[in-house]
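An overview of the molecular structure
Letter by letter, the chains look like this.
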Amino acid sequence: MSDVNGSGKFLVGIYDDDDVVLKAVKDVKKAGVRIHEVYTPFPIHGLDVALGHPRTRLGIAAFLFGLSGTTTALLLTAYTESFDWPMIVGGKDSYSPVIYVPVIFELTVLFCALGMVGTFLVSNGLGPTVKPLMYDLRTTDNKFAMAIDMSKNNLAEGDIEQILKNSGAAEVNVKQF
């Protein structure tokens, strides 16, 4: 049985070309095989759509992190200038947010950047103690791998292997985690 982290038995189709693997994803899905993931040495335009991944919501997270940075900066500068250390110079207002635009901008960018790094690590299950699952070491160099989780497919192993070969796989391996 396989779980979310990818433990179990997998058939791994190895491809030599990005155009071939993109077409293979469509062909394999059309044949009724559920694809666990495709691993590539570089991004392939349209692969996320072919795999059926939903549109990312990272933009919403970035906006919320930036908004929290802006709010924190406004509150910090307002509190500091109006209550904690008021400086009345020449009878002007004790707080004018216009002069704090650089501070507000910098805190907005800082909160957004740090928040997105944290979001990236959490959403991808990364951390200092996580050991990556490598379906094929060559995917970090020049090969493309399509991993098929055998526990989530109703077809026989031989049938899926034949579908992968017909879709252009140079080789098909069994990987057990």
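Everything in this summary refers to the structure shown in the same document. Sequence order sets the numbering: in each chain, residues are counted from 1 along the sequence as written. For this predicted model, a pLDDT threshold of at least 70 governs which residues receive local features, and a threshold of 80 or more governs which side-chain atom pairs are given and counted, while totals over whole chains, interfaces and linings are taken from all residues. Heavy atoms from the whole structure form the basis of all side-chain values; hydrogens and water molecules are not counted.

1. Considerations on the nonpolar core
- Counting residues in each nonpolar core, the largest one holds 22 residues, and the members touching the most others are Tyr15, Val25, Ile35, Val38, Met146, Ile148 and Leu164.
- Looking at this core, the elements with two or more residues in it are strand S1 (9-15), helix H1 (18-30), helix H2 (47-51), strand S3 (144-149) and helix H5 (157-166).
- Secondary structure elements are defined from DSSP: runs of H or I of at least 4 residues count as helices, runs of E of at least 2 residues count as strands, and each element is numbered from the N terminus. For this core, the element with the most residues is H1, which contributes 5 residues.
- Throughout, a contact is declared for two residues whenever any of their heavy atoms are within 4.5 Å. When near neighbours in sequence (up to four residues on either side) are disregarded, valine 25 contacts Ile35, Val38, Leu47, Ala50, Leu51 and Met146.
- The criterion is simple. A nonpolar core is a set of buried Ala, Val, Leu, Ile, Met, Phe, Trp, Tyr and Cys residues joined through side-chain atoms within 4.5 Å. Relative accessibility under 20% of the residue-type maximum defines a buried residue, over 50% an exposed one, and the middle range a partly exposed one, all with a 1.4 Å probe and only protein chains included. Core analysis: the next-biggest nonpolar cluster, separate from the first, contains 6 residues, Phe10, Tyr135, Ala145 and Ala147 among them.

2. Some details on the environment of glutamate 171
- Within the secondary structure, glutamate 171 sits in strand S4 (residues 171-176).
- The exposure class of glutamate 171 is partly exposed, given its relative accessible area of 28%.
- Residues within four places of glutamate 171 in sequence aside, it is in contact with Val12, Gly13, Ile14 and Arg138.
- There is a polar contact of 3.1 Å between the side chain of glutamate 171 and the side chain of asparagine 173. Distance and chemistry together define a polar contact, namely a pair of N or O atoms within 3.5 Å, with one atom able to donate a hydrogen and the other to accept it when in protein, and with adjacent residues in sequence counting only for side-chain atoms on both sides.

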